[in-house]
Every structure is written in C-alpha cells, then in structure tokens.
Amino acid sequence: MSTTLAKIAEIEAEMARTQKNKATAHHLGLLKARLAKLRRELITPKGGGGGGPGEGFDVAKTGDARIGFVGFPSVGKSTLLSNLAGVYSEVAAYEFTTLTTVPGVIRYKGAKIQLLDLPGIIEGAKDGKGRGRQVIAVARTCNLILIVLDVLKPLGHKKIIENELEGFGIRLNSKPPNIGFKKKDKGGINLTATCPQSELDTETVKSILAEYKIHNADVTLRSDVTADDLIDVVEGNRVYIPCIYVLNKIDQISLEELDIIYKVPHCVPISAHHRWNFDDLLEKIWDYLKLVRIYTKPKGQLPDYSSPVVLPYSRTTVEDFCMKIHKNLIKEFKYALVWGSSVKHNPQKVGKDHTLEDEDVIQIVKK
C-alpha cells in the first residue's frame, strides 16, 4: 500500500515542479494518466482475502433517493441530520436496526429520501486509510451529496473535501465530458476534434492512451476538453453527482456576509441548531434530485395523491413505472391512461414507451 502512496506523492511532486506550457503539456498528460491509474489501485484493492462479511459498511437502499452528508467533524453534521430527520421524518426505527449509517428517512413532497452520514471520508480515505473505502463505495451510490461547511472557515474545508471526492472518481456538479471513445482491434489511434483544442493534441492523446496500453481507438473530442477529462472517459468509472454546499452556523455572522453567501452557486446557508432556513435547503435538495412523482389511479376511484410512485428523472417511461411497482406488471400490461402534462388529451391512451412527467396520474389497464 505504502509503495503506491509513495509513487503518488512522487508524481504529484514532479507535476508541481513542472512548468505548464505547450512543450510540457504532453509530459503532464502522461503524469496525470499515471496518477489516475495509481489512484484507481487505491480505490479498488487488489483481490486478497476479501475482508470477511463482518467488515461491511453497506447500507440497504430504502426510499426513492439517497443523500450523503460529508463534512469535517464539528461543523454540525449530526445536528443538521437529527434536526432534519426530526422535523420531517416518519419514525422508521424498525427498518434499520443493525446498520451503521442511516440516521433517517425524511418524507418530502411524498418522496422518501434517505439521509446518510458518511463518516470519516476526510481523513485520507482516498489513500485507503481508515475504513474510508467502504464509505466511498456508499458515497458513489448517492443521488446528491451535501457538503456541510462551517461558515467561519468554509473555503479551506471545501477544497479538501472536493479533492478527496475527486480522488474517488466522484465528480461534483459537472456533466460527463463530451468525448466519444471507442476501442478497436486495429487501425491505430484516430483522433477527430470538432472544435479547436487548447490542451490536447494527437501526441498527448496517444501518450495518455499508451499509458493504458490502448493503441487502437477512435477518439472524438466534441468540446474543448482537458487531459483530465480524457482520463475520466478512459477510466470509465467516474460518477457524476450533484452537490449542495451547506454553510452552517450562520447565527455567528452578520447580515451583509449572509447576502454575499446567498450569491454563491450551489450554496445554502443554514443554522442547524436554530433550524433556520431548512425549507430553503429542502427546496434546493428537491431541485437537485429531479425526482418525478407519479400518482396512481385505480379504476373508478380518485387518484391516490398521498403516496406517489417516485422515479428518478433518467428513467420515467411507463415501463419504468411498471417495473418500480412489480416486475410482472409489464407482462400483463395492455395500455395505460395518463392525465397530466406529458399528454395532449386527458386522459390519453399510451403505450409502455411513453415518458411521464412530474405529477402525472396514471391508470394501468391489464390484458
């Protein structure tokens, strides 16, 4: 383990020494690729004994979405969690008795949202220290990450946490880079760029790919991308998660400072202790989660508005809806009647490929 860490430190030192200019871009790209490979070794340990079942830090996924809370000790994470869960949650202690990290489930707008405290991510977890690794595995499954910061010393912490998360292959508030990448059996590296590139040229791309022992591939650069973006695509194990910075302890600052904070993107100032501004935070969480609520309507009855079926925004067809209820439902599915913004007529008869929108009402007609 330590050797990998030493190698990483060595490469980072060399990158820090190297001037950034056109002549060295190629060399830096190589170093970045090497770094990414070493980092991956840390995250995914080499096969070994497979640390028995007792080691688990796995959390049963309940509810419709999962939010991870990350932050240094004593920034008020636990207070925030217990107050959020206390104010908005149903008592659901029976569901999770043996798990280490589920502080609560909140109901918000009919969706069940699971709140997870991700302990100890900070202390060098991406270097495989502590029990960071399992925590990271859980962090990568979250639909949203809340970084809790102390408003009096936010920036230093923010950088450290972001670096740690980046190191695990979690990209915050960004979209996957617009790069087409396809391995082939022969034909060399074929690079096409649809717009001018400030950083990558054929040489650099070739050397980065050579580092991964890839010598035949089609690479299409559809926007001005960096070496890091290319490495992300080649590694292919990156997850893109939206993130909100929660600035806690605003009871300790002046109103002028608060006004400035409000202008920072992805930021919500709160006071966990006084429960100030929770509604703002929840509203923002809802925006970032992009959940779609679908109400069901049994034949001849009114729609059930109290418990919607909640789908993630990437999968909102009628078929996804059926799968969410029961996998056999799609076999008996004949057509569906839909009321709401996704259809032109109310009700409209649709097939299983129809895409539903938030707060649609659906009635399934079986064969």
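Here, every reference points to the structure presented above.
These figures come from a predicted structure and were not determined experimentally.

Asks: I would appreciate a short explanation of the sheet that holds strand 14 (residues 333–339) in the present structure.
Replies: Sheet strands line up and pair through hydrogen bonds in the backbone, either parallel or antiparallel. Taking strand neighbours across the sheet as the criterion, the 5 strands line up as 13-12-16-14-15 in an open arrangement whose pairing is mixed. The two strands at the open ends of the sheet, each matched to only one other strand, are strand 13 (304–312) and strand 15 (348–350). Across the sheet, the mean angle from the axis of one strand to that of its neighbour is 40°, orientation sign disregarded. By the bridge criterion, 6 bridges tie strand 14 to strand 16 (residues 360–366) in an arrangement that is antiparallel. Of the residues in strand 16, the one forming a bridge with phenylalanine 333 is lysine 366. Its contacts with the sheet place helix 10 (residues 318–325) against strand 12 (291–296), strand 13, strand 14, strand 15 and strand 16, and it is angled at close to 110° to strand 13.

Asks: Would you mind showing me how to read the sheet that holds strand 10 (residues 243–248) here?
Replies: The strand order across the open sheet formed by 6 strands is 2-3-1-4-10-11, and the pairing between neighbours is mixed. Two strands lie at the open edges of the sheet, namely strand 2 (104–108) and strand 11 (267–269), each paired on one side alone. Averaged over all neighbouring strand pairs, the angle between strand axes comes to 25°, with direction disregarded. Relative to strand 3 (residues 111–117), strand 1 (residues 65–71) runs parallel, the two sharing 5 bridges.

Asks: Can you walk me through the state of the cysteines in this structure?
Replies: In protein structure, a disulfide is the covalent linkage between the sulfur atoms of two cysteines. One pass over the structure, following the stated rule, counts 0 disulfides. Here cysteine 243 is not disulfide-linked; the sulfur of cysteine 267 is the nearest cysteine sulfur, at 9.1 Å.

Definitions and limits used
- Residues numbered from 1 in each chain as written.
- Predicted model: local features only at pLDDT ≥ 70, side-chain atom pairs only at ≥ 80, totals over all residues.
- Heavy atoms only, no water.
- Pairing = 2+ DSSP bridges.
- Helix = DSSP H or I, 4+ residues; strand = E, 2+ residues; numbered from the N terminus.
- Axes fitted to C-alpha atoms, helices over the stretch in contact; angles between N-to-C directions.
- Contact = heavy atoms within 4.5 Å.
- Disulfide = S-S within 2.5 Å.

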